[in-house]
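A look at the structure
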Amino acid sequence: GNSVTQMEGPVTLSEEAFLTINCTYTATGYPSLFWYVQYPGEGLQLLLKATKADDKGSNKGFEATYRKETTSFHLEKGSVQVSDSAVYFCARSGGYQKVTFGTGTKLQVIP
Amino acid sequence: DGGITQSPKYLFRKEGQNVTLSCEQNLNHDAMYWYRQDPGQGLRLIYYSQIVNDFQKGDIAEGYSVSREKKESFPLTVTSAQKNPTAFYLCASNQRESTDTQYFGPGTRLTVL
């Protein structure tokens, strides 16, 4: 079946550090890929998405490129802020109208 | 403002009791979803519905029930048959396809005493 694997956290970074959160997905079909973010005590909200190979999604300084050859969709940001502290979920679309989520990666940014 | 509302934010129940979690959306979305979130396990799909009066079991439907009598509403009942119901429950909706962005409510934290 469909699956998404993302790096375990927590990830702790100093403010202005470079961020990478790895995500790989199973290669069945032609999925759309997503990154969602969850702030403490809240629901998830879309951070960015990509719908086909080589597409780059970007938002709020975050970027991720849909890499079909490596089945990856790694999340990057050049300079993190304290306000970026949250849990980040990678996800892929799939069959039967379902979306498969990764287990989430907690990011903590310290001043 | 369009969005998804869930109520209540916190819910406590005694063992052996059924409880219903509310989910309402005014985004005119066809599809609605219920997820359960446990620490370290990400989101697991309980039920989803693509159209009024129709719904499908997700990966962990046992001990739960839903209804979809109106497009705007998709309540989830946690029954006494659910062995470990304490969790954070998230409702979501999207236009229709799994390729569409999902919009999430703020969640309900259920604690069984």
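Scoring rules and cut-offs
Residues numbered from 1 in each chain as written. Chains lettered and ligands numbered in written order. Predicted model: local features only at pLDDT ≥ 70, side-chain atom pairs only at ≥ 80, totals over all residues. Heavy atoms only, no water. Disulfide = S-S within 2.5 Å. Helix = DSSP H or I, 4+ residues; strand = E, 2+ residues; numbered from the N terminus. Buried < 20%, exposed > 50% of the residue type's maximum accessible area, 1.4 Å probe, protein only.

**With respect to the state of the cysteines**
- Summed over the entire model, instances satisfying the criterion amount to 2 disulfides over all chains.
- Put simply, Cys23 of chain A and Cys90 of chain A are joined by a disulfide, and their sulfur atoms are 1.9 Å apart. Torsion about the S-S bond of the Cys23 of chain A and Cys90 of chain A cystine: about -70 degrees, corresponding to left-handed handedness. Taken as a pair, Cys23 of chain A in strand β4 (residues 23-25) and Cys90 of chain A in strand β10 (residues 86-93) lie far apart in primary sequence, 67 residues in all.
- Owing to a relative accessible area of 1%, Cys23 of chain A belongs among the buried residues under this scheme.
- Residue Cys23 of chain B pairs covalently with Cys91 of chain B via a disulfide, S to S 1.9 Å. Across the disulfide from Cys23 of chain B to Cys91 of chain B, rotation about the S-S bond amounts to roughly -70 degrees, and the bridge is consequently left-handed. Note that Cys23 of chain B is positioned in strand β3 (residues 19-25) and Cys91 of chain B in strand β9 (residues 87-94), a separation of 68 residues in sequence. An identical accessibility class is assigned to Cys23 of chain B and Cys91 of chain B; each is buried.

**Some thoughts on unusual backbone geometry**
- With an omega of 0 degrees, the peptide bond running from Gly9 of chain A to Pro10 of chain A counts as cis.
- Here Pro10 of chain A shows up in the loop between β1 (4-6) and β2 (11-14).
- Cis geometry marks the peptide bond from Ser7 of chain B to Pro8 of chain B, where omega comes out at -10 degrees.
- With respect to the helices and strands, Pro8 of chain B occurs in the loop between β1 (4-7) and β2 (10-13).
- The phi dihedral of Asp54 of chain A falls on the positive side, at around 75 degrees, and the residue is not glycine.
- Among the secondary structure elements, Asp54 of chain A is positioned in the loop between β6 (44-50) and β7 (56-59).
- Located in the positive-phi region is Asn28 of chain B, a residue other than glycine, with phi close to 60 degrees.
- Mapped onto the fold, Asn28 of chain B is located in the loop between β3 and β4 (31-37).

On their own, these measurements won't tell you what the molecule is for.
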